[in-house]
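Listed here are the chains, written in short residue letters.
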Amino acid sequence: HEIGNPIGIVMGYLELLKQRNLSESETEEYLVRTETEINRINIIIRQLLDLARPAPRVFKTISVHGLIEDMAHILRVQPLMSKVHLSLRLSSQKDVIRADPDQIRQVFLNLAINAADALASVENNQDGRLNIQTEVLPGSAPGALGRQETLKVTFEDNGPGIPADVKEHLFSPYMTTRKKGTGLGLFLTKQIVTAHKGSISVNSFPGGTVFTVRLPAEDGENV
């Protein structure tokens, strides 16, 4: 599943590259983004191999809004999102965090693609929606020092929801409802968020699911 996400994106770009009416700049952009996703596959393979022998994370000051916007740009041209309306409500006044950008991107991509899969499971669904929203919360983030504020990122879809018996074990390793899934997606997602001194939770009901990621926000203006 972890490798399948970027492979699916690569395949989407390859389909676009088959079109004969692409401009030179569009062709160049899709080729660059395809190369980027292939590099991410290499990174994910290393991360999977490092499950029992964790590799050091490379923490940088990053803009969560910029990361989400770039991810949304990639997803909007993918076949799996063709029947999903993706909306961004990036209203947080503070979006700067200290994080490994590749790993946080992996978290957000997992949650977005999981939502798209859930929406695709609804027969004849013509009104699939995925809303990604941010806000900054006062008080301390989980695991943060002092009074560090919390950046809250939510992924809300109007899919079928998650059964209670599945929800109970959602973040356990090898838990999956997909025929071709490994059950490592949400397990690794939680590991990454926890390693960044954050938390992840899920609220699901018939007609929708909301995943919430909370991460310590950094002082300073948006970057």
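Fair warning: this is a prediction, and the values are worked out from it, not measured in the lab. (Residues numbered from 1 in each chain as written. Predicted model: local features only at pLDDT ≥ 70, side-chain atom pairs only at ≥ 80, totals over all residues. Heavy atoms only, no water.)

> Looking at this structure, how should I read the pattern of salt bridges?
Pairing is possible between side chains that carry opposite charge, provided their charged atoms lie close to one another. Inspection of the entire model under this criterion finds 7 salt bridges. Here Arg105 makes a salt bridge to Glu37, at a shortest N to O gap of 2.7 Å. With Arg105 in helix α4 (residues 101-120) and Glu37 in helix α2 (residues 24-49), the pair connects residues that are 68 residues apart, well separated along the chain. Taking the relative accessible area as the measure of exposure, Glu37 reaches 1% and is therefore buried. Across the pair Glu135 and Lys152 runs a salt bridge whose closest N-O atoms are separated by 3.6 Å. On the criterion of sequence distance, the pair formed by Glu135 in strand β4 (residues 128-137) and Lys152 in strand β5 (residues 150-157) is long-range, its members being 17 residues apart. Looking at Glu135, the relative accessible area reads 31%, which means it is partly exposed. Connected via shared salt-bridge partners are Glu29, Arg33 and Asp70. (Salt bridge = Lys/Arg side-chain N within 4 Å of Asp/Glu carboxyl O. Helix = DSSP H or I, 4+ residues; strand = E, 2+ residues; numbered from the N terminus. Buried < 20%, exposed > 50% of the residue type's maximum accessible area, 1.4 Å probe, protein only.)

> Hey, could you run me through the packing of aromatic side chains in this one?
By convention here, two paired aromatic rings are described through the distance between centres and the angle between planes. Across all of its chains, the model carries 3 aromatic pairs by this definition. Note on Phe108 and Phe155: the rings are 5.6 Å apart at their centroids and 40° apart in plane angle, and the pair reads as tilted. Of this pair, Phe108 sits in helix α4 while Phe155 sits in strand β5, and the two are 47 residues apart along the sequence. The exposure class assigned to Phe155 is buried, which follows from its relative accessible area of 1%. (Phe/Tyr/Trp six-rings, centres within 6.5 Å; stacked < 30°, edge-to-face > 60°.)

> Before we go on, may I ask you to explain the nonpolar core in this structure?
Burial of nonpolar side chains together is a common tendency in soluble globular proteins. Grouped together as the largest cluster of nonpolar side chains are 45 residues, with contacts concentrated most on Phe108, Leu130, Phe155 and Phe211. Ranked by residue count, the leading element in this core is α4, at 10 residues. Leave out the neighbours within four places in its chain, and Phe211 touches Leu111, Val153, Thr154, Phe155, Ile162, Leu170, Phe171, Leu186, Ile200, Ser201 and Val202. (Core = buried A, V, L, I, M, F, W, Y, C linked by side-chain atoms within 4.5 Å. Contact = heavy atoms within 4.5 Å.)

> Help me understand helix α3 (residues 64-75), please; the structure alone is not making it clear to me.
Over its 12 residues, α3 runs 16 Å from end to end, which matches the ideal 16 Å to within 8%, given 1.5 Å per residue. Restricting attention to buried positions, one finds in α3 the residues Val64, His65, Leu67, Ile68, Met71, Ala72, Ile74 and Leu75. (Expected span 1.5 Å × (residues − 1).)

> Before we go on, may I ask you to explain the packing of α3 against α4 in this structure?
Packed helix pairs are specified by the crossing angle of their axes together with the interaxial distance, meaning the distance between the axes. Two numbers describe how α3 lies on α4: the axes approach to 10 Å, and their chain directions differ by 50°. On the basis of the axis angle, α3 is oblique to α4. You can see that α3 and α4 cross each other, and the crossing is right-handed. When α3 is examined against α4, the residues Val64, Leu67, Ile68, Asp70, Met71, Ile74 and Leu75 are found in contact with a partner set consisting of Pro101, Ile104, Arg105, Phe108, Leu109, Ala112 and Ile113. Of the residues that constitute the contact of α3 with α4, the class distribution is 12 nonpolar, no polar and 2 charged. (Axes fitted to C-alpha atoms, helices over the stretch in contact; angles between N-to-C directions. Parallel < 35°, antiparallel > 145°, perpendicular 65-115°, else oblique. Left-handed = near helix turned anticlockwise from the far one by under 90°. Nonpolar A, V, L, I, M, F, W, Y, C, P; charged D, E, K, R; others polar.)

> Explain the pairing of strand β7 (residues 208-216) to me, please; I cannot follow it from the model alone.
Strand residues, when the strand is regular, have side chains that alternate between the two faces of the sheet. Of all 9 residues in β7, 8 are buried; the element is thus mostly enclosed. Here β5 runs beside β7; their pairing, made up of 8 bridges, is antiparallel. Its bridge partner lying in β7, Glu156 is registered against Val210. Examined bridge by bridge, strand β6 (residues 199-205) and β7 share 7 bridges and lie antiparallel to one another. Directly across from Asn203, in β7, lies its bridge partner Val210. Hairpin remark: β6 followed by β7, antiparallel, with 2 residues in the connecting loop; positive phi at Gly207, about 100°. (Pairing = 2+ DSSP bridges.)

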